[in-house]
Amino acid sequence: MAVVFHDDTVDRCTDGSGKLCEMTLMSVKKLNASAHHPNGDRFPNERIPTLEEVIEFCLANDLLMYIDVKSNVKLSTDVLVGLFRRYPALYKKAIVCSFNPLIVYSVRSKDPDIVGGLIYRNRLLTRYFDETDMDIGWYLKLASPLLDVFIHWSHYCWLWFLCGNSVFLANVGDVSESTVEHFGKRGVRVVVWTVNRQHDRYYFLKSLRCPIITDTMNDAGCEVEKI
């Protein structure tokens, strides 16, 4: 059963511990997903939803979805294709995206009508999201920077074509006017994620005309509109 959760383990975000993939759905449903959240007192005992529960909620409320997939390629493909066929409205309401090109390629190979996109962050293999260096072995420290360069080149040169991408989802620090222009010429829309600062929102929404994904709407600084 597919569930909606960010991490591989439940330790950081819930009152439980262990790998999510090793748990039963019954065990997952007992966890409190707001246990460590700053607003946990306002929203106590929040449960981890299944993917199907989230889809039903979003469709009922006319919401668009980015389905970020992180798990097994074959299982993810089977689950997603099944859900799209069970809920045909998803074809116009959802985008399947992943850091893993194999997932997007597999899903679109099985159902080309599903809109897909790849997620990108610079130095994915050498630095954590907070820009601190990863604690990896010396051999990986030698190989990872070269692989990061290869990944960057692949995204810009051929992965978008191989996977049949409609969108390129890039971290806020990795998008410029030339990025938007490069992918625009190839019929790929750039979407910027983790756009949390006021001036960044204004720049991407107003200047570059890019859709954004943000963690907060506080002090937005500019009116959100359809672009």
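In the block above lies the structure referred to throughout.
Since the model is a prediction, treat every value here as computed from it, not as a measurement.

K.L.:
What is the right way to look at the overall build of the chain in this model?
P.N.:
For the chain, the helix and strand inventory stands at eight helices and six strands. Starting at the N terminus and ending at the C terminus, the chain contains elements arranged as α-α-β-α-α-β-α-β-α-β-α-β-α-β. Seen through its principal axes, the chain has C-alpha atoms that stretch 45 × 45 × 40 Å. Counting all 227 residues of the chain, 36% fall into the buried class.

K.L.:
Looking at this structure, how should I read the pairing of strand β5 (residues 189-193)?
P.N.:
Moving residue by residue along a regular strand, the side chains alternate between the two faces of the sheet. Burial within β5 is extensive, with four of its five residues counted as buried. Examined bridge by bridge, strand β4 (residues 167-171) and β5 share five bridges and lie parallel to one another. Bridge pairing links Ala 170 to Val 192 in β5. On the question of chirality, the crossover connecting β4 to the parallel β5 by way of helix α7 (residues 177-184) is right-handed. Inspection of the sheet shows β5 paired to strand β6 (residues 212-213) by two bridges, in the parallel sense. Note on β6: the bridge partner recorded for Val 192 is Ile 212. Crossover handedness for the path β5 to helix α8 (residues 198-207) to β6: right-handed.

K.L.:
What's the story with unusual backbone geometry in this structure? I'm lost.
P.N.:
Leaving glycine out, the prevailing phi sign among residues is negative, and the prevailing peptide bond configuration is trans. Phi is positive for Asn 45, which is not a glycine, with a value near 60 degrees. The residue Asn 45 is located in the loop between α1 (25-29) and α2 (51-60) in this model. Unlike most non-glycine residues, Thr 194 shows phi in positive territory, near 60 degrees. As for its position among the elements, Thr 194 is in the loop between β5 and α8. For Thr 194, a relative accessible area of 19% corresponds to the buried category.

Basis of the calculations
- Residues numbered from 1 in each chain as written.
- Predicted model: local features only at pLDDT ≥ 70, side-chain atom pairs only at ≥ 80, totals over all residues.
- Heavy atoms only, no water.
- Helix = DSSP H or I, 4+ residues; strand = E, 2+ residues; numbered from the N terminus.
- Buried < 20%, exposed > 50% of the residue type's maximum accessible area, 1.4 Å probe, protein only.
- Pairing = 2+ DSSP bridges.
- Right-handed = clockwise from strand over helix to strand, strands pointing away.

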